[in-house]
Amino acid sequence: MKKAMMFAAAALSALLAFGCSSQKEEPQQKKKLMVYTSMKEVLIGKVRDQFTAAHPDVEFDYYSAGAGKLMAKIAAERQSGRIACDVLWTSEVPDFIALKGDGVLLPYHSPEAEKVVSPLKDPDGYFTPARLGTLGIVYNTNKIKTPPSSWQDLLKPEYKDGFAIANPALSGTSMVSLAMLVENLGWEYIEALKANGTKMGQGAGQVVDDTASGDIAACIGVDYITLDKIVKGATLGFAYPPEMLVIPSPVAIIKDTQNADAAKMFVDFLLSDKGQEIIAGSYTLPIKESIPVKSELGLVHPEEATARAFPFDYQNLAVEKQSIIDRFTAIMNGK
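Summarised in this report is the structure supplied together with it.

Reading the values: rules and limits
Residues numbered from 1 in each chain as written. Predicted model: local features only at pLDDT ≥ 70, side-chain atom pairs only at ≥ 80, totals over all residues. Heavy atoms only, no water. Helix = DSSP H or I, 4+ residues; strand = E, 2+ residues; numbered from the N terminus. Buried < 20%, exposed > 50% of the residue type's maximum accessible area, 1.4 Å probe, protein only. Salt bridge = Lys/Arg side-chain N within 4 Å of Asp/Glu carboxyl O. Phe/Tyr/Trp six-rings, centres within 6.5 Å; stacked < 30°, edge-to-face > 60°. Arc of directions from axis to C-beta. Contact = heavy atoms within 4.5 Å. Core = buried A, V, L, I, M, F, W, Y, C linked by side-chain atoms within 4.5 Å. Pairing = 2+ DSSP bridges.

1. Considerations on unusual backbone geometry
Working step 1: Phi at Asp161 is positive, roughly 60°, even though this residue is not glycine.
Working step 2: Relative to the assigned elements, Asp161 resides in the loop between β5 (128-140) and β6 (163-165).
Working step 3: Positive phi, close to 70°, is recorded for Tyr283, a residue that is not glycine.
Working step 4: Tracing the sequence through the fold places Tyr283 in the loop between α10 (273-281) and α11 (302-308).
Working step 5: In this structure Tyr283 comes out as buried when scored by relative accessible area, which is 13%.

2. Looking at the pattern of salt bridges
Working step 1: Counting across every chain of the model gives 18 salt bridges.
Working step 2: Between Arg131 and Asp223 there is a salt bridge, and its shortest N-O distance comes to 3.4 Å. On the criterion of sequence distance, the pair formed by Arg131 in strand β5 and Asp223 in helix α8 (residues 223-231) is long-range, its members being 92 residues apart. Each member of the pair Arg131 and Asp223 is classed as buried.
Working step 3: For the salt bridge of Lys288 with Asp273, the shortest nitrogen-to-oxygen distance reads 2.9 Å. In this pair, Lys288 is assigned in the loop between α10 and α11 and Asp273 in helix α10, connecting sequence segments 15 residues apart.

3. Concerning the packing of aromatic side chains
Working step 1: Summed over the entire model, instances satisfying the criterion amount to ten aromatic pairs.
Working step 2: Plain terms: the ring middles of Phe51 and Phe266 are 5.5 Å apart, the flat faces sit at 80° to each other, and that makes the pair edge-to-face. Of this pair, Phe51 sits in helix α2 (residues 41-54) while Phe266 sits in helix α9 (residues 260-271), and the two are 215 residues apart along the sequence.
Working step 3: Looking at Phe266, the relative accessible area reads 0%, which means it is buried.
Working step 4: Measuring from ring centre to ring centre gives 5.8 Å for Phe96 and Phe127, while their planes differ by 55°; the resulting arrangement is tilted. Pair noted here: Phe96 is in helix α4 (residues 93-101) and Phe127 is in the loop between β4 (105-106) and β5, with a separation of 31 residues, a long-range link.
Working step 5: Given a relative accessible area of 0%, Phe96 falls into the buried group.
Working step 6: Since its relative accessible area comes to 5%, Phe127 is described here as buried.

4. Details of helix α7 (residues 204-213)
Working step 1: For α7, the full list of buried residues reads Ala204, Gly205, Val207, Val208 and Thr211. Buried residues along α7 cover an arc of 165° about the axis, so they all sit on one side.
Working step 2: Those residues of α7 hidden inside the fold are in contact with β5, β6, α5 (172-185), β8 (218-222), α8 and β9 (236-239).
Working step 3: Among the residues trailing α7, Gly214 stands out with phi positive, at a value near 90°.

5. Structural notes on the nonpolar core
Working step 1: Leu33, Val47, Trp89, Trp151, Ile190, Phe266 and Tyr314 are the most contacted members of the largest nonpolar core, which totals 106 residues.
Working step 2: At eight residues, α9 tops the list of elements feeding residues into this core.

6. Things to note about the environment of Gly237
Working step 1: Following the sequence through the fold, Gly237 ends up in strand β9.
Working step 2: When the C-alpha positions of Gly237 and Gly136 are compared, they lie 9.7 Å apart, and in sequence the two are 101 residues distant.

7. Brief notes about the side chain of Asp153
Working step 1: With respect to the helices and strands, the residue Asp153 is situated in the loop between β5 and β6.
Working step 2: Not counting chain neighbours up to four residues away, the residues in contact with Asp153 comprise Pro148 and Tyr159.

8. So, the environment of Lys199
Working step 1: Examined against the element boundaries, Lys199 turns out to sit in strand β7 (residues 199-200).
Working step 2: Remark: the alpha-carbon pair of Lys199 and Ala252, spanning 53 residues in sequence, is separated by 33 Å.
Working step 3: Setting aside residues no more than four positions away along its own chain, Lys199 makes contact with Asp161, Gly162, Phe163, Ala164, Ile165 and Met332.

9. A closer look at the pairing of strand β10 (residues 245-254)
Working step 1: For β10, the tally of buried residues reaches ten of ten residues, placing the bulk of the element in the interior.
Working step 2: Burial along β10 is two-sided: Leu245, Ile247, Ser249, Val251 and Ile253 and Val246, Pro248, Pro250, Ala252 and Ile254, pointing in opposite directions, are all buried.
Working step 3: Pairing analysis gives three bridges linking strand β3 (residues 87-89) to β10, with the strands arranged antiparallel. Looking across to β10, one finds that Leu88 is bridged to Ala252.
Working step 4: Direction of pairing for β4 relative to β10: antiparallel, over a ladder of two bridges. Note that in β10 the partner of Leu105 across the bridge is Ile254.
Working step 5: Where β5 lies against β10, seven bridges are found, and the strand directions are antiparallel. By the bridge assignment, Leu135 is partnered in β10 with Leu245.

In short, the description is geometric, and any link to function would need to be established separately.
Shown next, in the form of structure tokens:
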């Protein structure tokens, strides 16, 4: 009897041990993360690869589109009851101000945020600049032989009927840069551009492609989109006038996310030295002065860009955004 009881106890222990072992061998369920972003593949693809390498426990996905399309998608999802992304990263600051006001964003003060260099910061932590997007004058070097040195150069004969600005309803960077030009140079400048034959193009990437192909002579172009093409052999030049278009690209966490931990990990990574090195390596400006930039391609350091940036009232733009888009569209359509 005693031997039988000992055998039963041993068998029970073995079963328990096997059960514990089986539980340990079960794969740990991955955290999920969905990012909506206006960053092109040349940038967000590198961020994805490095983030997932550093955090293999996170299943990372993203949806890339123009800021206008992303906001329309978010608006539709809000109507249906749930926003499908966990993180939003674009260059249209007024959208973040509006989403903050609507109670859509989750405040998060990343440990990295105190090192951010930017002309705009949210003291409440609802969004944090993750890069400083800059726009310059992009020109086809077969058509424009002398690099432009001021915004007034775009009114010269060599740019007649050959200059384009991306549609501000499609491109967040175009919308903000247009508003900066209006605030600092006036609508008279936009009307003078139109009188010289300026056109409204499609998205931010398309106007650069059109310039590279020679369909137009020049455009206002985003730094990393343009410089990536130059490095790959496009016959393009990229010039900053003394007064720069500098647009912070904020990152924010959606309040109702079911993946807050993974979202915070992503924000921390994006603002970390590693994340900022990816951004700087993709031909745009980091938000940390300590990170080297591609100065050999004409980029300037974050502090210089901030000092040279057109002054701008983002709060006012949050109110006037649609009216600016409508007036610009009317001018470009000759109305």
